[in-house]
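Topology and contacts: notes
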Amino acid sequence: MTSVVEQASQRDPFAELSRFRADSYDCLRGRGDALFELADALLCAEGPVKTLVDLALAPEHRRGHGALYGSLNKGRLDIDRLRTELASLSLPRAADGRLVLAVDVSPWLRPDAGTCPDRSFCHTYGRGDAKHQMIPGWPYSFVVALEARRTSWTAVLDAVRLEPGADLAAVTTDQLRDTVGRLIAAGQWKASDPEILVVMDAGYDAPRIAHLLGDLPVQVLGRLRSDRVMRRPAPSRAEFAAANPAGGRPPKHGAEFVFGDPATWDAEQAVTTTDTRRYGTAVARAWDRLHPRLTRRAAWLEHDGPLPVIEGTVIRLAVEKLPSGGVNRPVWLWWSRTGATPADVDRCWQSFLRRFDLEHTFRLLKQTLGWTRPRLRDSTAADRWTWLVVAAHTQLRLARPLVADLRHPWERPAEPNKLTPARVRRGFRNLHTKAPSPARAPKPTRPGPGRPLGSKNNQPATRYEVGRVLATGEAYARPAHHKKGTKPRRTAVNG
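What you see is a predicted model, and the numbers here were worked out from it, not measured in a lab.

Counting residues in hydrophobic clusters, the biggest one holds 81 residues, and the most contacted among them are Leu 55, Phe 142 and Trp 385. If one sorts the elements of this core by residue count, helix α11 (residues 379-398) sits on top with 11 residues. By size, the runner-up hydrophobic cluster in this structure holds 41 residues, among which are Ala 87, Val 103, Ala 206 and Ile 209.

Running from amino to carboxyl end, helix α5 (residues 79-87) crosses α11 at an angle of 20 degrees, the nearest separation of the two axes being 12 Å. For the element pair α5 / α11, the angle class is roughly parallel. Considering the relative orientation of α5 and α11, their crossing is left-handed. On α11, the residues touching Ile 79, Leu 82, Arg 83 and Leu 86 of α5 are Trp 387, Val 390 and Thr 394.

Right, let's talk about the pattern of salt bridges for a bit. Tallied over the full model, the rule gives 38 salt bridges. With its nearest N and O atoms 3.4 Å apart, the salt bridge here joins Arg 355 to Asp 201. Taken together, the residues Arg 355 in the loop between α9 (342-354) and α10 (357-368) and Asp 201 in the loop between β7 (196-200) and α7 (206-212) connect sequence positions 154 residues apart. You'll find Arg 355 and Asp 201 in the same group, each marked buried. Salt bridges here are not isolated pairs; linked through shared partners, they connect Asp 33, Glu 37, Arg 62, Arg 63 and Arg 440.

Our next topic: the pairing of strand β3 (residues 100-109). Counting buried positions along β3 gives 8 out of 10 residues, so the element sits mostly inside the fold. Relative to strand β5 (residues 131-145), β3 runs antiparallel, the two sharing 9 bridges. Of the residues in β5, the one forming a bridge with Val 103 is Val 143.

Conventions and cut-offs
- Starting from 1, residues in each chain are numbered consecutively following that chain's sequence as written.
- In view of the model being predicted, local features appear only for residues whose pLDDT reaches at least 70, and side-chain atom pairs are presented and counted only at 80 or more, with totals across whole chains, interfaces and linings using the full set of residues.
- Note: side-chain values were computed over all heavy atoms of the structure, leaving out hydrogens and water.
- Grouping buried Ala, Val, Leu, Ile, Met, Phe, Trp, Tyr and Cys residues that are joined through side-chain atoms within 4.5 Å yields what is termed a nonpolar core.
- Partly exposed describes any residue whose relative accessible area lies between the buried limit of under 20% and the exposed limit of over 50%, with all areas from a 1.4 Å probe on protein chains only and scaled to the type maximum.
- Runs of E in the DSSP output that reach at least two residues are strands. Runs of H or I that reach at least four are helices, and both are numbered from the N terminus.
- Comment: axis = line fitted to C-alpha atoms, over the contacting stretch for helices; angle = value between 0 and 180 degrees taken between N-to-C directions.
- The labels follow the angle: roughly parallel below 35 degrees, roughly antiparallel above 145, roughly perpendicular from 65 to 115, and oblique for the rest.
- Take the far helix as the reference: if the near one is turned anticlockwise from it by less than a right angle, the crossing is left-handed, and if turned clockwise, right-handed.
- The criterion used for residue contact is that any of the two residues' heavy atoms lie within 4.5 Å.
- Salt bridge criterion: a side-chain nitrogen from Lys or Arg within 4 Å of a carboxyl oxygen from Asp or Glu.
- One requirement defines pairing of two strands: DSSP has to find at least two bridges between them.

Have a look at this one:
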């Protein structure tokens, strides 16, 4: 019996695109025709999406602008079924056939939307005078499948909005657990396949996530800060007795491994040297069986039983130069497996570099598809629009080998099946005329009377406080009202 992956590899690309369009339409349970035509207008509109109402002028959107906003505010979308459909599609894989997933958070900033609920302080980079700032908005956690080579394409598998006060590691663990479960159920992974590799940046607690996902066929690769301190394995009883003839209590942790102090590194277990085109000579050094020293605070405060010892491999990647010409600093990685071979070390740091392809996906969603352009008030409407954008991006990925290159005169010719997502979208309108559309034609209606002319709104919208996404999972609440004439005390921001 052939698996879903083998069937997908033998499937005609146009048939797969048509099937996904039909399946995504079946996921629209309320005002589905208006939502489906809104996604088609998003795919066929000329140029980047600047405002949401402009999509109502596209020929593919046969309804008025009132139906556009009504579908987002009052429509219904079966998100779980759409997640299942995304997991059953053909997915990119690494050179060894391994699935490589990347997880990251991208904010939908709403700093002036005081009437929007469920906003959190989102960590942003380089705003203003190139300073890190915390701006209110809706943070979304994405899980994507990465390709083997450097590209601007990723396969989006899941998107979850982080609630105020949510534990980022716990939410990410549940999101990865559900995503991996759907991939296994769809036949994308079986017992004979290599374990799925999950890549994440420094904002995640990689050892904790690896511990929580220990029962799944998953390897976790995360970036660590350069000021971290790891511990070596505890000495055996024989080694401890030889070093301490007077006896004593055996230690639980070994000597320190300080990232910023080469005197504590000792000899590495594996060293690889690779000549790259963009980074020059890349040298990767790996140290085996290193673990963080956990304490009963923050996320481990209510842990039952003794604290675990989460061992892994620490990899230090140093390159000769950076393509941007910036400051060349080494990158520290932590892999949730021990006994790394030189091939494992190269696969890890090369997979981590592929994680930056997710940044191209975020740029496409925001700058071209207009993911964060609508000024929606309801957070559930923002979720519907987010999943419409994800479905549209998936159709672009499936149409990648089908569209012709409609390049501008100043653009370089692209090789077949190597078009960027923006250039695929440019030619999607020609493909849209051939692809089946399950949406029904609109019925003639008359607009409602609306508010009487000259009347005032006597029902002002409710205003909501802004919360934070904390590492401890505790909800944030602003302090009580301060006395008159005193300034509020500033608290440390916990990102």
